[in-house]
Amino acid sequence: MKKFKGFFKAVLLVLWFLRQTVFKYVIIILIFWLISFAAGFFTGNMKITEIACCLIGLVISLVLMIPCFGRLVSDIFIIIKGFKYVGVCNGMARPYRHYGYLSVTWTDSNNHEHTHTFNATDNKNKYPHDVNVYSYDNIMNLTNLGWRTVVKDICYVLLFMPFFILAVAVNFLAFQDIVKNGFV
């Protein structure tokens, strides 16, 4: 029961992170689609609207998808190829109002002590507690907290994937229609 409660708390924290960051991007996508629709509607040529919506949707979904997918691949690479250390999570550092970061201290294999803040989820409220820190060649940019970092990246990729698939499908159908019927 305790493990289920911890898992449920981690899922709720990921949803909180998504609410803080991702929904802003969704609003931006909808605004661009509405602007392109209005531009085609007022010019009287709905083909322009269709093309603009398709291309803007594809570009925005790629701009959102590529960094999230790249970060996910990078984090998985660090977990697989990097060294695993046990660090101490000192608590949540909240330098900004809407974002929470985990402040973690660990000692690497060269007995150098590192302190870093990670944008990751945490399923425990009591601090300090132990966390796994994965580091590739002790480079600070190539360091993460394992599943605590990967869960957030997977949620981002799964959230942006439908926009990407929808944009590709609509682009395919729009260009197929343009090839078949022309610009009229």
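Refer to the structure presented above.
For the structure given in this document, a descriptive report is provided here. What you are looking at is a predicted structure, and each value in this text was computed from that prediction instead of being measured.

1. Comments concerning the overall build of the protein chain
Now for step 1: When its secondary structure is counted, the protein chain shows three helices and five strands.
Now for step 2: Along the protein chain, helices (α) and strands (β) appear in the sequence α-α-β-β-β-β-β-α when read from the amino end.
Now for step 3: The proportion of buried residues among the 184 residues of the protein chain is 36%.
Now for step 4: If you sum the accessible surface of the protein chain, you get close to 11,500 Å²; carbon and sulfur atoms cover 71% of it.

2. What to know about a nonpolar patch on the surface
Now for step 1: The grouping of Ile27, Ile28, Leu30, Ile31, Phe32 and Ile35 at the surface amounts to a nonpolar patch, some 530 Å² of accessible area in total.
Now for step 2: The exposure class assigned to Phe32 is partly exposed, which follows from its relative accessible area of 37%.

3. Looking at the packing of aromatic side chains
Now for step 1: By the definition in use, this model includes two aromatic pairs.
Now for step 2: Their ring planes at 55° and their centres at 5.2 Å tell us that Phe77 and Tyr136 sit as a pair that is tilted. Separated by 59 residues along the polypeptide, Phe77 in helix α2 (residues 46-81) and Tyr136 in the loop between β4 (129-135) and β5 (143-144) bring together distant segments of the chain.
Now for step 3: Overall, Tyr136 belongs to the partly exposed group, its relative accessible area being 26%.

4. Examining the environment of Ala174
Now for step 1: Tracing the sequence through the fold places Ala174 in helix α3 (residues 147-181).
Now for step 2: Between the C-alpha atom of Ala174 and that of Glu50, which follows or precedes it by 124 residues, the distance is 7.0 Å.
Now for step 3: Excluding anything up to four places from it in sequence, Ala174 contacts Glu50 and Cys54.

5. So, the pairing of strand β3 (residues 113-118)
Within a regular beta strand, the side chains point alternately toward one face of the sheet and then the other, so they alternate between its two faces.
Now for step 1: Taken together, the six bridges between strand β2 (residues 101-107) and β3 define a ladder with antiparallel strand orientation. The partner of Thr105 across the bridge, within β3, is Thr115.
Now for step 2: As consecutive antiparallel partners, β2 and β3 are separated by five residues, and within that stretch Asn111 has a phi angle of approximately 60°, a positive value.

6. Observations regarding the side chain of Thr105
Now for step 1: Its location among the elements puts Thr105 in strand β2.
Now for step 2: In this structure the side chain of Thr105 is engaged in a polar contact, spanning 2.9 Å, whose partner is the side chain of Asn90.
Now for step 3: With residues near it in sequence (within four places) discarded, Thr105 still touches Gly87, Val88, Asn90, Glu113, His114 and Thr115.

7. Notes on the side chain of Asp75
Now for step 1: By secondary structure assignment, the location of Asp75 is in helix α2.
Now for step 2: The charged side chain of Asp75 is buried without a salt bridge, its nearest counter-charge being Arg71 at 5.6 Å.
Now for step 3: Once residues lying within four places of it in the same chain are set aside, the contact partners of Asp75 are Asn144, Thr149, Val150 and Asp153.

8. Topic: unusual backbone geometry
Now for step 1: Despite not being glycine, Asn111 shows a phi value in the positive range, around 60°.
Now for step 2: In this structure, Asn111 sits in the loop between β2 and β3.
Now for step 3: Overall, the relative accessible area of 66% leaves Asn111 in the exposed class.

9. Thoughts on the environment of Thr115
Now for step 1: Residue position: Thr115 is located in strand β3.
Now for step 2: Residues Thr115 and Ser103, 12 residues apart in the sequence, show an inter-C-alpha distance of 7.2 Å.
Now for step 3: Looking at Thr115, its side chain comes within polar contact range of the side chain of Thr105, at 3.4 Å.

10. Digging into α3
Now for step 1: Relative to the 51 Å expected for 35 residues at 1.5 Å per residue, α3 spans 50 Å between its end C-alpha atoms, a close match to the ideal helical length.
Now for step 2: Just beyond α3, the residue with positive phi is Gly182, at close to 85°.

Definitions and limits used
Residues numbered from 1 in each chain as written. Predicted model: local features only at pLDDT ≥ 70, side-chain atom pairs only at ≥ 80, totals over all residues. Heavy atoms only, no water. Helix = DSSP H or I, 4+ residues; strand = E, 2+ residues; numbered from the N terminus. Buried < 20%, exposed > 50% of the residue type's maximum accessible area, 1.4 Å probe, protein only. Areas by Shrake-Rupley, 256 points an atom, 1.4 Å probe, with all protein chains shown as cover. Patch = residues over 30% accessible without salt bridge, like charges linked within 9 Å, V, L, I, M, F, W, Y side chains within 5 Å. Salt bridge = Lys/Arg side-chain N within 4 Å of Asp/Glu carboxyl O. Phe/Tyr/Trp six-rings, centres within 6.5 Å; stacked < 30°, edge-to-face > 60°. Contact = heavy atoms within 4.5 Å. Pairing = 2+ DSSP bridges. Polar contact = N/O pair within 3.5 Å; in protein donor to acceptor, adjacent residues only side chain to side chain. Lys, Arg positive; Asp, Glu negative; His and termini not counted. Expected span 1.5 Å × (residues − 1).

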